[in-house]
Amino acid sequence: RPFVELDRVTLTYGEGEEATPALDPTSLGIAEGEFVAVVGPSGCGKSSLLKLVSGLLKASSGNVVVAAQEVTAPIKIVGMAFQNPNLLPWRSTLRNVLLPAEIVQPHRARYRRDKAPYVERARQLLRTVGLEGFEQKLPWQLSGGMQQRASLCRALMHEPSLLLLDEPFGALDAFTREELWAVLQSLWMQKPFTVILVTHDLREALYLADTIYVMSARPGRILLRKNFDLPRP
Ligand code: ADP
Ligand code: ADP
């Protein structure tokens with residue numbers, strides 16, 4: 001059974017006169033460890049799709065299943081990163097990355113007892129993305145690309161089995177963006193997790209994903225599924 005499964009899911013925002021259909025019936029299955037990219041025009045429902053998978057939104061009809069559980073409320077096994085890195089401005093890089101350990105159960109209880117393994121993991125993640133030496137800096141002291149690296153580390157801190165990425169590199173210049181593709185790939189290779197990456201950038205999708213879903217304009221539906229059986233390390 002797929003790790004993430006959407007069965008004839010639809011989504012409409014609002015009701016009556018105000019109703020905005022955002023997703024036409026959408027079905028898909030994503031295997032554990034698969035790296036999926038979702039591409040399509042602005043407004044076609046890509047962000048909404050991620051919110052349905054994470055349980056932040058409830059489908060108007062159809063079923064969403066993640067890790068063999070029907071999604072009816074926000075789920076804990078996800079890590080998320082967005083176009084805006086959303087780092088807390090008063091916290092150092094290290095303490096931003098540690099945030100999920102402080103919040104997400106069962107890590108929260110363990111973290112309270114013994115912070116050391118979490119601090120070690122956060123430092124290790126920051127090393128992987130090239131932020132060694134920046135642990136104590138505040139977000140404003142980092143470049144946009146560095147903030148996005150930290151945001152990726154934070155999304156992975158609690159070892160989520162599913163990573164949801166909504167245009168994480170959309171605000172970066174082309175050079176930095178391509179650097180971060182390699183960063184994301186190296187994080188993924190340390191220990192593959194399932195990824196759903198929403199992007200406008202077809203090159204990004206081709207570089208990173210095993211499977212690409214192409215969506216139609218609003219209300220979105222899946223027009224095309226392309227699978228690339230990439231050689232994997
Ligand atoms: P994308 O991520 O592909 O740009 P979204 O999922 O953000 O698309 O939006 C899909 C459609 O749903 C768009 O037409 C958008 O305006 C609409 N929409 C998104 N969020 C809301 C909301 N909270 N209320 C009403 N309409 C919304
Ligand atoms: P993006 O395409 O980068 O995901 P959007 O501008 O479509 O960004 O949406 C930004 C946020 O605003 C999203 O959280 C979305 O749900 C919300 N949103 C989008 N369209 C509407 C809308 N028509 N009404 C209310 N909220 C909306």
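Residues numbered from 1 in each chain as written. Chains lettered and ligands numbered in written order. Predicted model: local features only at pLDDT ≥ 70, side-chain atom pairs only at ≥ 80, totals over all residues. Heavy atoms only, no water.

Colleague: What's the story with the environment of Asp-173 in this structure? I'm lost.
Modeller: Secondary-structure assignment places Asp-173 in the loop between strand 7 (162-166) and helix 7 (174-190). Sequence separation between Asp-173 and Gly-145 is 28 residues, and the spatial gap between their C-alpha atoms is 8.6 Å. In this structure the side chain of Asp-173 is engaged in a polar contact, spanning 3.1 Å, whose partner is the backbone nitrogen of Phe-175. A polar atom in the side chain of Asp-173 sits 2.7 Å from the side chain of Thr-176. (Helix = DSSP H or I, 4+ residues; strand = E, 2+ residues; numbered from the N terminus. Polar contact = N/O pair within 3.5 Å; in protein donor to acceptor, adjacent residues only side chain to side chain.)

Colleague: Mind showing me how you'd approach helix 7 here?
Modeller: Given 3.6 residues per helical turn, the α-helix brings residues three or four places apart onto the same face. Look at helix 7: 25 Å from first C-alpha to last across 17 residues, which is about the 24 Å you get at 1.5 Å a residue. Within the span of helix 7, buried status applies to Thr-176, Leu-180, Trp-181, Val-183, Leu-184, Leu-187 and Trp-188. Here the buried face of helix 7 lies against strand 3 (35-39), helix 5 (116-128), helix 6 (144-156), strand 7, strand 8 (194-199) and helix 8 (202-208). By the N-cap criterion, in which a side-chain oxygen at the helix start approaches the backbone nitrogen of a residue two or three places on, helix 7 is capped by Asp-173, the distance to Phe-175 being 3.1 Å. (Expected span 1.5 Å × (residues − 1). Buried < 20%, exposed > 50% of the residue type's maximum accessible area, 1.4 Å probe, protein only. Contact = heavy atoms within 4.5 Å.)

Colleague: What is the right way to look at the pattern of salt bridges in this model?
Modeller: Side chains that differ in charge, positive against negative, can pair when their charged atoms come close. Applying the stated criterion across every chain yields a total of nine salt bridges. The partner of Glu-179 in a salt bridge is Arg-149, with the nearest N and O atoms 3.1 Å apart. Within this pair, whereas Glu-179 is found in helix 7, its partner Arg-149 is found in helix 6, the two being separated by 30 residues in sequence. Classification of Glu-179 by relative accessible area gives partly exposed; the value is 35%. Taking relative accessible area as the criterion, Arg-149 reaches 13% and is therefore assigned buried. Notably, a salt bridge pairs Glu-178 with Arg-203, separated by 2.9 Å at the nearest N-O pair. Taken as a pair, Glu-178 in helix 7 and Arg-203 in helix 8 lie far apart in primary sequence, 25 residues in all. Given the relative accessible area of 33%, Glu-178 is considered partly exposed. (Salt bridge = Lys/Arg side-chain N within 4 Å of Asp/Glu carboxyl O.)

Colleague: Would you take a moment to explain the side chain of Asp-201 for this structure?
Modeller: Along the chain, the position of Asp-201 falls in the loop between strand 8 and helix 8. With a relative accessible area of 16%, Asp-201 lands in the buried category. Those residues in contact with Asp-201 that sit more than four places away from it in its chain are Arg-177 and Trp-181.

Colleague: Is there a simple way to explain the pairing of strand 1 (residues 4-13) in this structure?
Modeller: Each regular strand carries side chains that alternate between the two faces of the sheet. The sheet contact formed by strand 1 and strand 2 (residues 20-30) spans seven bridges and is antiparallel. Bridge pairing links Tyr-13 to Thr-20 in strand 2. If you look at the hairpin formed by strand 1 and strand 2, you'll find six residues sitting between the two strands, and Gly-14 has a positive phi there, around 70°. In terms of strand pairing, strand 1 meets strand 4 (residues 61-66) through five bridges, oriented antiparallel. (Pairing = 2+ DSSP bridges.)

Colleague: How should helix 5 be read in this particular structure?
Modeller: For helix 5, with 13 residues, the first-to-last C-alpha span of 18 Å sits near the 18 Å given by 1.5 Å per residue. Among the residues of helix 5, Tyr-118, Ala-122, Leu-125 and Leu-126 are the ones counted as buried. Buried residues of helix 5 fall within an arc of 100° about the axis and therefore sit on the same side. Next to the buried residues of helix 5 lie helix 2 (93-97), helix 3 (99-103), helix 4 (107-113), helix 6 and helix 7. Gly-130 occupies a position one or two residues after helix 5 and carries a positive phi of about 80°. (Arc of directions from axis to C-beta.)

Bear in mind that shape data such as this cannot, by itself, settle questions of function.
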